[in-house]
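# Inside the fold
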Amino acid sequence: MTSVQSLSSPARLASPEEGISTDELALAARNHGLPLEALRYDLTPPGLHYLLIHYDIPFATDAEWMVTVTGSVARSLTLDMAAIRELPRRTVAVTMECAGNGRARLHPRPVSQPWMVEAVGTANWTGTPLAGVLEAAGVTPDAVEVVFTGADHGVERGVEQDYQRSLSLTDAMADDVLLCYEMNGEPLLPQHGFPLRLIVPGWYGMAHVKWLRDITVVDTPFQGFQQVTAYRLRQEPDEVGEPVTRIFPRALLVPPGFPDFMSRRRFARPGPIMIEGRAWSGWGPVVSVEVSADGGATWAPATIDAHSDAAADGAADPVRRWAWQRWTFLWDATPGAHELCARATDGTGRVQPLDDRWNRGGFANNAVQRVPVTVE
Ligand SMILES: Nc1nc2c(c(=O)[nH]1)N[C@H]1C(S)=C(S)[C@@H](COP(=O)(O)O)O[C@H]1N2
Ligand SMILES: [Mo]
């Protein structure tokens, strides 16, 4: 039996020949990715959006849910869901991606949720701006960060904890940071944080705290496990490491043709094939997408669509700048074996690397997607 230790141990790296373990399989069976063919939808149908749940999904009812606002505030607040729904309403289309996306492609592999490239989805998230709630509570001048606590509880690398993350006060006060109660115009599903979650557009998934039950304004930087132990870019276990924050650019394509059941290798017929995909970045708009059919040796530009308002599920004027963009590329498929790749560059000049970006936690590996296709 595993005991709950007081000190955290570093995440384990798989040995060179070690396959995916049953522990990783159990995680992957709970936390599924986006089937890549679902990149065709501008808004991901909720059941196809990726999922990442560290512990258990809390059982919750809308009628009984309360969220508290405490700490460095003039007035502590306790809000029920009815009170939250009466506050100003805003809808933001957000592409969310797990910071561990791409982890399973690393050598050596950090042992955790074994994502390939599919830990992503886009939804219209509706709620009330966090800034308004913090203003109502009256943040006091000593405040530096805001800590968000979920109702889920577990143990991770020996540390028993509630799921908690913080944001700097500046990041927390940004316009599009929302306390959300709807996804694509419907109440949140249990697995996506029902009845209330935080949405932090542009940030990797770990920041978007689900089952939100407490907001505490603090006067010293938060030192919780998910802030200072997990979600850091480290080469060695004892480094402080850079915090994982915004989403690095990525383009994904819908694998063309049809798959082999077991290997998922693709087969396609010769001739022109319209390749389509999506691209996003949390740092700035995607300014270019390139496609390679020869494993990254040569590249040609794809056409990026403008953000479509057709994606709106009837929500009045959703904010679109945090959502992925569709792109297309006409590929003249010739008989033989090919490797399709796509590469995004954003407005800050950040571009996807050809090779995996390694760190101990397996975070932010946005190396280009590679899709082998046999044309016959
Ligand atoms: N309370 C709580 N919030 C959480 C998590 C969690 O385990 N507990 N997982 C985080 C991580 S790592 C990710 S990637 C996103 C996933 O959100 P989704 O499952 O709605 O796609 O939720 C984040 N919020
Ligand atoms: Mo994640």
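Residues numbered from 1 in each chain as written. Chains lettered and ligands numbered in written order. Predicted model: local features only at pLDDT ≥ 70, side-chain atom pairs only at ≥ 80, totals over all residues. Heavy atoms only, no water.

By the naming in an unreviewed UniProt entry, the protein chain is Nitrate reductase (NADH), taken from Pseudofrankia inefficax. In its Cofactor (unreviewed entry) section, UniProt records this for the protein chain: "Mo-molybdopterin". (UniProt positions renumbered as here; feature names shortened; annotations may be inferred.)

### Regarding the sheet that holds strand β22 (residues 336-346)
Reading across the sheet, the six strands line up as β14-β15-β23-β22-β17-β18 and stay open at both edges, with mixed pairing between neighbours. Lying at the two open borders of the sheet, with one neighbouring strand each, are β14 (258-259) and β18 (300-301). Two elements, strand β17 (residues 286-292) and β22, share six bridges in a ladder whose sense is antiparallel. Bridging across to β22, V289 finds its partner in A344. (Pairing = 2+ DSSP bridges. Helix = DSSP H or I, 4+ residues; strand = E, 2+ residues; numbered from the N terminus.)

### Some details on unusual backbone geometry
Following H107, the chain continues into P108 via a peptide bond in cis, with omega recorded as -10 degrees. You can see P108 is positioned in the loop between β3 (90-97) and β4 (120-129). At the junction of F194 and P195, the peptide bond is cis and its omega measures out at 5 degrees in the coordinates. Residue placement: P195 occurs in the loop between β8 (186-187) and β9 (197-199). Of note in the backbone geometry, N184 takes a positive phi value of approximately 50 degrees without being a glycine. One non-glycine residue with positive phi stands out, namely W211, at about 50 degrees. Mapped onto the secondary structure, W211 falls in the loop between β9 and β10 (212-218). Look at W211 and you get buried, because its relative accessible area is 2%. (Buried < 20%, exposed > 50% of the residue type's maximum accessible area, 1.4 Å probe, protein only.)

### Some words on the sheet that holds strand β19 (residues 303-304)
To summarise the sheet geometry, strands pair through backbone hydrogen bonds and adopt either a parallel or an antiparallel arrangement. Spatially, β13-β16-β21-β19 is the arrangement adopted by the four strands of the open sheet, whose pairing is antiparallel. The open sheet is flanked by β13 (250-253) and β19, the only strands paired with a single partner. Where β19 meets strand β21 (residues 325-333), two bridges bridge the pair, whose relative direction is antiparallel. Looking at β21, one finds that I304 is bridged to W327.

### Considerations on the pattern of salt bridges
Counted under the stated rule, the structure contains 16 salt bridges. Of the charged contacts in the structure, one is a salt bridge between E24 and R109, with a shortest N-O distance of 2.9 Å. With E24 in helix α1 (residues 22-30) and R109 in the loop between β3 and β4, this residue pair connects regions lying 85 residues apart in the sequence. The buried category is assigned to E24, whose relative accessible area is 1%. The class for R109 is buried, based on a relative accessible area of 9%. Connected via shared salt-bridge partners are R40, E276, D305 and R326. (Salt bridge = Lys/Arg side-chain N within 4 Å of Asp/Glu carboxyl O.)

### Structural notes on the domain arrangement of the protein chain
Examined at the domain level, the protein chain breaks down into domain 1 (22-235) and domain 2 (250-375). On a C-alpha basis, the centroid separation for the pair domain 1 and domain 2 is 26 Å. Taken together, the contacts link 42 residues of domain 1 with 35 residues of domain 2. Of the roughly 3,500 Å² buried where domain 1 meets domain 2, counting both sides, 53% is carbon and sulfur surface. The tally of links from domain 1 across to domain 2 stands at six salt bridges. Between D356 and R105 there is a salt bridge, with the nearest N and O atoms lying 4.0 Å from each other. Inspection of the region where domain 1 meets domain 2 yields 24 residue pairs in polar contact (both at pLDDT 80 or more). Looking at the side of domain 1 that touches domain 2, the elements that each hand over two or more residues are β3, β4 and β11 (232-233). The leading source of residues in the side of domain 1 that touches domain 2 is β3, at seven residues. Across the side of domain 1 that touches domain 2, the residue classes tally to 18 nonpolar, 14 polar and 10 charged. (Domains from an automatic or database assignment. Contact = heavy atoms within 4.5 Å. Buried area = accessible area lost by both parts, 1.4 Å probe. Polar contact = N/O pair within 3.5 Å; in protein donor to acceptor, adjacent residues only side chain to side chain. Nonpolar A, V, L, I, M, F, W, Y, C, P; charged D, E, K, R; others polar.)

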